[in-house]
2 protein chains.
Amino acid sequence: MADTSWADSAKSLKGVILDMCGVLYDSGEGGGVPIPGSVEAVKRLKASDLQLRFCTNETQATREKFVAKLQRMGFDISVSEVFSPAPAAVAVLKERGLRPHLLVYDGLVPEFDSVDKTSPNCVVIADAADNFSYHNLNEAFRVLIGLEKPVLFSLGKGRYYKETDGLKLDVGVYMKALEYACDVEAEVIGKPASVFFQSVLNDMGIQPHEALMIGDDLVNDVGGAQHCGMKGVQVRTGKYRPSDERHPTVTADGTVDNLAQAVDMILSQRGH
Amino acid sequence: MADTSWADSAKSLKGVILDMCGVLYDSGEGGGVPIPGSVEAVKRLKASDLQLRFCTNETQATREKFVAKLQRMGFDISVSEVFSPAPAAVAVLKERGLRPHLLVYDGLVPEFDSVDKTSPNCVVIADAADNFSYHNLNEAFRVLIGLEKPVLFSLGKGRYYKETDGLKLDVGVYMKALEYACDVEAEVIGKPASVFFQSVLNDMGIQPHEALMIGDDLVNDVGGAQHCGMKGVQVRTGKYRPSDERHPTVTADGTVDNLAQAVDMILSQRGH
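In what follows, the accompanying structure is described. (Residues numbered from 1 in each chain as written. Chains lettered and ligands numbered in written order. Predicted model: local features only at pLDDT ≥ 70, side-chain atom pairs only at ≥ 80, totals over all residues. Heavy atoms only, no water.)

**A short note on the nonpolar core**
So the rule is basically this: Think of a nonpolar core as a cluster: buried Ala, Val, Leu, Ile, Met, Phe, Trp, Tyr and Cys residues, connected wherever their side-chain atoms sit within 4.5 Å. For the exposure calls, accessible area comes from a 1.4 Å probe over protein chains only, and a residue counts as buried if that area is under 20% of its type's maximum, exposed if over 50%, partly exposed in between. Runs of E in the DSSP output that reach at least two residues are strands. Runs of H or I that reach at least four are helices, and both are numbered from the N terminus. Should any heavy atoms of two residues lie within 4.5 Å, those residues are considered in contact.
I125, L137 and Y174 of chain A together with I125, L137 and Y174 of chain B are the most contacted members of the largest nonpolar core, which has 55 residues in total. At the level of secondary structure, the elements contributing two or more residues to this core comprise β7 (122-125), α4 (134-145), β9 (160-163) and α5 (171-182) of chain A together with β7 (122-125), α4 (134-145), β9 (160-163) and α5 (171-182) of chain B. Every residue in contact with Y174 of chain A, bar those within four places of it in the chain, is listed here: I125, F132, L137 and L169 of chain A together with Y134 and L137 of chain B.

Take a look at the structure:
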C-alpha cells in the first residue's frame, strides 16, 4: 500500500517535472524500452491543466537526438520541454568566456559546436563511458594541472546508472578522480544543482512549492528538488533500490511503484 | 644555499630510508635513467655505518624485476632491502582470508600468485596505467557493490607521477573514484601509511627518531615519515615542485638539491 499523504497537496500544484531515464524508460541496447504505463501517464499529464517539463542528466546524445529517441518509443515530448546539462553548460561557458577541453561521449560533442575550444582554459566532463580511458583522463588532467587556477565542470555527479546489462559508473566518479588529482572542487551543472532546477521553474513561471519532481534517483532527483523547495517523489523503477527508503539523509515525500501510479494519484486528487 | 639544520642530528642517526623513483632515478621509456650522483651516493651510504633500506610505492613490476632494473642502472641494491606495497598486501590478504579481484599493472600480477583469487571478496588496486579502462574500473566496481561490506585496498594513494613524457595519473585518483562509487573508504597499503614505514623500521631494529626518510614526494614520503616519528627530507628532483616548500600542512625537515647533496651533508656531520 503506497503512502498517499504527499498527494494531498496535489490540488495546489501548478507544474510537474519528470526525470526521464528510469521513470519514462529503461536505457540499454538499441536505445532502451518504455516502462509500462509511462507513455500513457505522460499523455494524461499533458491533457491536464498542469504544466509539464522534463529534466534529465542525460549526456550521451544531443538533446535533439535524445528527444527523437523518446518520440520513437511513443512519448509525446518536444525539445523545448526538455532540460539537460549540455545546453546549460554552453550558456555558462559563453557567459564566462571559457574555452573547454571536452571529455564527453562522442554523441554529445555537437552540443558544443558553437563554443570556442582553442587553447582550453577549463575542462568539461560528462558521462563519457568508454571514452573514460586512462589516456583521455590523463589528457583532461594535464589541461587542468597546467592552468593557474583549474576550472572543472561536471555535467551531473551521479555514482552509477543501470543499463539492461548491469550497473555502469557515471560521471561523478570521474569528477571525484579529477578533483583529487588537481585539488579542485568541480562545478556541477545538472541535477542536483539548485540553479538547474530553478531554470526549469523559471521556464514554467511558477514557485518551488507549486511544483513536484518525480524521479528514480533519491539523491539527485528527490533530494535536489527538495533542496530547491519542491516536493520530491521517488518511483520504484530504474535505479531505485529498497535501501533508498531508509536513506540516512534524504527522505522522499512519497514513494510509488511507477510513474503511472503517481499520475493516477495526482489526477484523482484534482478530480480528473 | 641549502638549509642545514636538519643535518645537525645526523650524528644520532642509525638508519636511512630512501624513496626510489625521483630520488635514485627518473622513470620513463626504456625503464628510466639514474639521477646524476645517486649511484655514487648509495655506494657511500652502504660503505658507512648507517643501515640502509629502500621504500617505494612502485607497483608496475614484481619486486624482483624492479630491483633487477635498478641493478642494471648501476645501483648496489638487493631485493631484501626493498619494501614495496604488493608483498605487504599479500601478507594482509592471507592474514584476513581475503580473495582479491586485482586491478593492477600486468607486470605486478605474479606477486599475487600465491593468493586464492576465486569468487573475490575484496578489490586490490594499484597504479594500473592503461589498465585503468572504463571496462576494468566497472568490473572492479561491480565486485565491490556486490559485496555486503565492500573492502577496497589501494597500493599507495598518490595523485600523479612524472615520466619522461609528462605527468601521469596515479592510483590514488582511481581509489577516490571507487570510494565515491561505492561509498567506502579504502585501506591504503604503502606510503604514507604508518604501518608500512613501521615495517621498515622493524626490519632495521631501530626507533623512528633514529631514522631519516629521503624522498621527492612531500606528502607521501616526507609527511608519512614524519607522522611515524622520523625526520623527512625532500629532494628537488623527481616530482618536486617549488610550491612544495610553502605547502599548507607538510613542512620538510630539510630540502636538498638531490640525493648526493643529502648524503654529503649526513656523512660530513658524522666525520666521514
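Structure's up, so let's keep going.
**Here's the deal with the sheet that holds strand β6 (residues 100-103) of chain A**
Residues and elements named next belong to chain A. The condition is simple: Any two strands between which DSSP finds at least two bridges are classified as paired. With axes taken as lines fitted to C-alpha atoms, and helix axes fitted only over the stretch in contact, angles between N-to-C directions fall between 0 and 180 degrees.
A sheet is described by the order of its strands in space; here four strands give the open sequence β6-β7-β8-β11, paired in parallel fashion. Both edges of this open sheet fall to β6 and β11 (187-189), since each of them pairs with a single strand only. Each strand axis lies, on average, 25 degrees off the axis of its neighbour in the sheet, ignoring direction. Where strand β8 (residues 152-155) and β11 come together, three bridges link them in parallel fashion.

**Comments concerning the packing of aromatic side chains**
Basically, it comes down to this: Each Phe, Tyr or Trp ring (for Trp, its six-membered ring) is paired with any other whose centre lies within 6.5 Å, and the angle between the two planes then decides the class: stacked below 30 degrees, edge-to-face above 60, tilted in between. Should the NZ of a Lys or the CZ of an Arg lie within 6 Å of a ring centre and within 35 degrees of the ring normal, that charge is described as sitting over the ring.
In the structure shown here, the tally under the stated rule is ten aromatic pairs over all chains. Aromatic side chains Y160 of chain A and F141 of chain B sit 5.2 Å apart centroid to centroid with 45 degrees between the ring planes, which places their arrangement in the tilted category. Here F141 of chain B lies in helix α4 and Y160 of chain A lies in strand β9, a pairing that spans two chains. Exposure class is identical for Y160 of chain A and F141 of chain B. Each is buried. With a centroid separation of 3.7 Å and 5 degrees between ring planes, the pair formed by F132 of chain B and Y174 of chain B is classed as stacked. With a gap of 42 residues between them, F132 of chain B in the loop between β7 and α4 and Y174 of chain B in helix α5 connect regions that are remote in the sequence. Residue placement shows R159 of chain A over the ring face of Y180 of chain B; its charged tip is 4.5 Å from the ring centre.

**Quick notes on the relation of the copies chain A and chain B**
The operation relating the pair of chain copies consists of a rotation about an axis and a translation along that axis. Which entries qualify depends on this criterion: Copy-to-copy alignment: least squares on C-alpha atoms, limited to residues at pLDDT 70 or above in both.
The transformation that overlays chain A on chain B combines an axial shift of 0.0 Å with a rotation of 180 degrees, and the residual RMSD is 0.0 Å. The operation mapping one copy onto its partner corresponds to a two-fold rotation axis. In this assembly, 100% of the residues forming the interface of chain A have copies in chain B that are likewise at the interface, indicating an isologous arrangement.

**Regarding the sheet that holds strand β8 (residues 152-155) of chain B**
All names here are of chain B. On the basis of which strands lie adjacent, the open sheet formed by four strands has the order β6-β7-β8-β11 and parallel pairing. The open sheet has two edge strands, β6 (100-103) and β11 (187-189), and neither has a second partner. Across the sheet, the mean angle from the axis of one strand to that of its neighbour is 25 degrees, orientation sign disregarded. With three bridges connecting them, β7 and β8 associate as parallel partners. When the sheet's bridge partners are listed, V123 is paired in β8 with L152. On top of the sheet, helix α3 (residues 85-96) reaches β6, β7, β8 and β11; it is set at about 160 degrees to β8, its chief contact.

**Re the side chain of D170 of chain A**
Rules: For this count, His and the chain ends are skipped, Lys and Arg are scored as positive, and Asp and Glu as negative. What makes a salt bridge here is a side-chain nitrogen of Lys or Arg within 4 Å of a carboxyl oxygen of Asp or Glu, nothing more.
Relative to the helices and strands, D170 of chain A resides in the loop between β10 (166-169) and α5. Look at D170 of chain A: it is buried, it has no salt bridge, and the nearest opposite charge is K239 of chain A at 5.1 Å.

**Observations regarding the pairing of β9 of chain A**
Residue and element names in this part refer to chain A. Sheet topology places β9 next to β10; four bridges connect them, and they run antiparallel. The partner of E163 across the bridge, within β10, is G166. Hairpin remark: β9 followed by β10, antiparallel, with two residues in the connecting loop.

**Quick notes on the interface of chain A and chain B**
Put simply, the test is: Buried area adds together the accessible area that both of two parts lose upon being put together, with accessible area traced by a 1.4 Å probe. Under this definition, polar contacts are N or O atom pairs within 3.5 Å; protein pairs additionally need one hydrogen-donor-capable and one acceptor-capable atom, and for neighbouring residues in sequence, both atoms have to be side-chain atoms. All residues other than Ala, Val, Leu, Ile, Met, Phe, Trp, Tyr, Cys, Pro, Asp, Glu, Lys and Arg, Gly among them, are scored as polar; the first ten of these are nonpolar and the last four charged.
Of the residues lining the interface, 29 residues belong to chain A; the matching set on chain B comes to 29 residues. When the area that chain A buries against chain B is broken down by residue, the three leading residues are Y134, L169 and Y180 of chain A, summing to 32%. At the boundary of chain A with chain B, the tally comes to zero salt bridges. At the junction of chain A with chain B, the criterion picks out ten residue pairs in polar contact (both at pLDDT 80 or more). Counting only elements with at least two residues in the side of chain A that touches chain B, the list comes to α4, β9, β10 and α5 of chain A. With seven residues, the single largest contributor to the side of chain A that touches chain B is α5 of chain A. When the residues that make up the side of chain A that touches chain B are grouped by side-chain class, the tally is 15 nonpolar, five polar and nine charged.

The analysis is restricted to geometry; functional conclusions fall outside its scope.
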